[in-house]
Amino acid sequence: MSTLSYPYQFESRKVWSEFFRLFPISLFVVAFGAAFGLAAIQEGLTPLQSILMSTTVFAGASQFAAVDIWGAEVSILPLVAVVFAINSRHLLMGASLYPMLREVPPGRRYALLLLLTDANWAVSAQDYQNGRRNLEVIVGGGLVLWLAWIIGTALGVYFGGLLQNPKAFGLDMVLGCFMLAMALGGRKSPRVLVAWSVAAVASLAAWKWLPPNMHVVVGAIAGGLVGLIWQSPETASSGADEEVADGH
Amino acid sequence: MAIETSPQGVLALIAVMTVVTLITRFGGVFVMSFVRINPRIESFINTMASSVLIAIIVPMAFSGDLGAVAALVATAAAMLAFQKPLPAIAAGLLAAALVRYLV
């Protein structure tokens, strides 16, 4: 087995088409960024500090949580804990891309992960479920989302919230609706529906009884365990294990 | 331990957040590079991937207001009917806005 070949063919033209594919959703990200910028200056960050945070952290929910515990001083451990807990979903998102990412040289692989976030990951994961390999959306889509987040933050810190109350327009639900559309656009088999039910119950239980912000990881791993026990016929037959394929 | 929010302190805090977030972006892939991918592992990560979406959405529906629930229901209905993400998301936002205006 040659482990040093990296067969993934990166198409730069596709990077641009994915950039424009996520352009509409990034307009909503601008509105979110503006809400973050406003929250950040209200908690005492300067405009430049707020923009710097959006540029280097690029993880909205965790940034809102961080400025929420902002004060004259900020305790390190709670900050690390809340940022890690909220962003721990990236661990799973990255891992789920590994079957494609292992075909990319390590330098490029980690550079690409700098732009990993919810929306571009959701598109890539859905494409993969439907048999299309799409790492270009991580780069192109990630780029447009990152720029939108920075621009939104800048608008928020200099001009205040663009909208008095983004919730009144349902803008707080963009990510949730996007995720749901992606989930329902994927292939649904009995196996997937069982995994979803397990994930739903586990995430709700974690949300109710475990410390805050652990529900995504707990629910996703619980759902994944269904896949570990119950393999789909395609993945089983694509491996060497003929008996599994025959047995189906 | 706490860091004062002086100009340098804020830079340090942002650096801490950046590093922690980078660890989450890199960590999953780094760990996977030590795992031998077999069909069973691939089945696990594929199922986990679609479960991430559910684990984000379901608690959101349960902790959200009526507008949040309306948004998710409308998105689901539009998505199942037309299989087009952007109109489905638009329907969701419209439903949330409408319910919040009325209630």
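These numbers come from a predicted model, not from an experiment. Position labels on residues start from 1 in each chain and follow its written sequence. To label them, take the chains in the order written and letter them from A, then take the ligands in the order written and number them from 1. Predicted model: local features are reported for residues with pLDDT of at least 70 only, side-chain atom pairs are reported and counted for 80 or more only, and whole-chain, interface and lining totals are derived from all residues. Hydrogens and water molecules were not included; the side-chain quantities draw on all heavy atoms of the structure.

Quick notes on the UniProt feature "transmembrane region" (unreviewed entry) in chain B
In plain terms, the rule: UniProt positions are given in the numbering used here, feature names are shortened, and annotations may be inferred rather than shown by experiment. Secondary structure follows DSSP: runs of H or I at least 4 residues long count as helices, runs of E at least 2 residues long count as strands, and numbering of each begins at the N terminus.
UniProt annotation of "transmembrane region" (unreviewed entry) refers to residues 12-35, 47-80 and 86-102 of chain B when read in the numbering used here. Taken end to end, residues 47-80 of chain B is 94% helix and 0% strand, and its two terminal C-alpha atoms sit 20 Å from one another.

Describing the side chain of Gln63(A)
Definition in use: Summary of the burial criterion: residues with accessible area below 20% of their type's maximum are buried, those above 50% are exposed, and those between are partly exposed, where the area comes from a 1.4 Å probe applied to protein chains only. Contacts are assigned to residue pairs with any non-hydrogen atoms lying within 4.5 Å of each other.
The residue Gln63(A) is located in helix α4 (residues 60-68) in this model. Overall, the relative accessible area of 0% leaves Gln63(A) in the buried class. The contact partners of Gln63(A), leaving out residues within four places of it in the chain, are Phe36(A), Met53(A), Ser54(A), Val57(A), Phe58(A), Trp149(A) and Met17(B).

As for the domain arrangement of chain A
Residues and elements named next belong to chain A. So the rule is basically this: Residue ranges assigned to the domains are those given by an automatic or database domain assignment. Buried surface area refers to the total accessible area, computed with a probe of radius 1.4 Å, that the two partners give up upon joining, counted for both partners together. When a carboxyl oxygen of Asp or Glu is within 4 Å of a side-chain nitrogen of Lys or Arg, the pair counts as a salt bridge. Within 3.5 Å is the distance limit for a polar contact, defined as a pair of N or O atoms, with the added protein rule that one can donate a hydrogen and the other accept it, and that residues adjacent in sequence qualify only through two side-chain atoms. Polar here means any residue other than Ala, Val, Leu, Ile, Met, Phe, Trp, Tyr, Cys and Pro, which are nonpolar, and Asp, Glu, Lys and Arg, which are charged; Gly is therefore polar.
As assigned here, chain A comprises domain 1 (12-186) and domain 2 (188-248). Here the C-alpha centre of domain 2 lies 25 Å away from the C-alpha centre of domain 1. Each side of the interface is counted separately: domain 1 has 9 residues, and domain 2 has 8 residues. Carbon and sulfur atoms supply 67% of the area buried between domain 1 and domain 2, which totals about 650 Å² over both sides. On the domain 1 side of the interface with domain 2, the three residues burying the most area are Ala85, Leu92 and Leu184, jointly 49% of the side's total. Across the contact surface, domain 1 and domain 2 share 0 salt bridges. Linking domain 1 with domain 2 are 1 residue pair in polar contact (both at pLDDT 80 or more), by the criterion used here. Contributing elements (two or more residues each) for the side of domain 1 that touches domain 2: α5 (76-87), α6 (89-96) and α11 (174-185). At 3 residues, α5 tops the list of elements feeding residues into the side of domain 1 that touches domain 2. When the residues that make up the side of domain 1 that touches domain 2 are grouped by side-chain class, the tally is 6 nonpolar, 2 polar and 1 charged.

Notes on the nonpolar core
The test is simple: Here, the term nonpolar core denotes a set of buried Ala, Val, Leu, Ile, Met, Phe, Trp, Tyr and Cys residues that are joined through side-chain atoms within 4.5 Å.
Counting residues in hydrophobic clusters, the biggest one holds 97 residues, and the most contacted among them are Met53(A), Trp121(A), Leu135(A), Leu145(A), Phe178(A) and Leu53(B). A per-element tally of this core places helix α2 (residues 39-63) of chain B first, with 10 residues. When residues of this core are sorted by domain, at least three fall in each of domain 1 (12-186) and domain 2 (188-248) of chain A. Every residue in contact with Leu135(A), bar those within four places of it in the chain, is listed here: Tyr8(A), Phe10(A), Met100(A), Leu101(A), Val104(A) and Leu112(A).

Let's talk about the packing of aromatic side chains
Residues and elements named next belong to chain A. Basically, it comes down to this: Ring geometry is summarised as follows: Phe, Tyr and Trp rings, the Trp one being its six-membered ring, pair when their centres sit within 6.5 Å, and such pairs are stacked at plane angles under 30 degrees, edge-to-face over 60 and tilted between the two. A ring is scored as having a charge over it whenever the NZ atom of a lysine or the CZ atom of an arginine sits within 6 Å of its centre and within 35 degrees of its normal.
All told, the structure shown has 7 aromatic pairs over all chains when counted by the stated rule. Taken together, a centroid distance of 5.3 Å and an interplanar angle of 55° make the contact between Trp16 and Phe19 tilted. Here Trp16 and its partner Phe19 are both found in helix α1 (residues 12-21), 3 residues apart, which amounts to about one turn of the helix. With a centroid separation of 5.5 Å and an interplanar angle of 85°, the aromatic rings of Phe36 and Phe64 are classed as edge-to-face. Pair noted here: Phe36 is in helix α2 (residues 23-42) and Phe64 is in helix α4, with a separation of 28 residues, a long-range link. A relative accessible area of 0% places Phe36 in the buried class. Exposure remark for Phe64: the relative accessible area of 30% places this residue in the partly exposed category. The aromatic ring of Phe10 is capped on one face by Arg108, whose charged end is 5.0 Å from the ring centroid.

Comments concerning the interface of chain B and chain A
Contact with chain B, which involves 67 residues of that partner, is made by 93 residues of chain A. Summing both sides of the interface, chain B and chain A together bury roughly 7000 Å²; the carbon and sulfur share of this comes to 75%. Considering only the side of chain B, the residues that lose the most area to chain A are Met17(B), Arg25(B) and Val29(B), jointly responsible for 11% of the buried surface there. Viewed at the interface, chain A and chain B are joined by 1 salt bridge. Among the ionic pairs, Asp172(A) bridges to Arg100(B), the shortest N-O distance being 2.8 Å. At the junction of chain B and chain A, the tally comes to 21 residue pairs in polar contact (both at pLDDT 80 or more).

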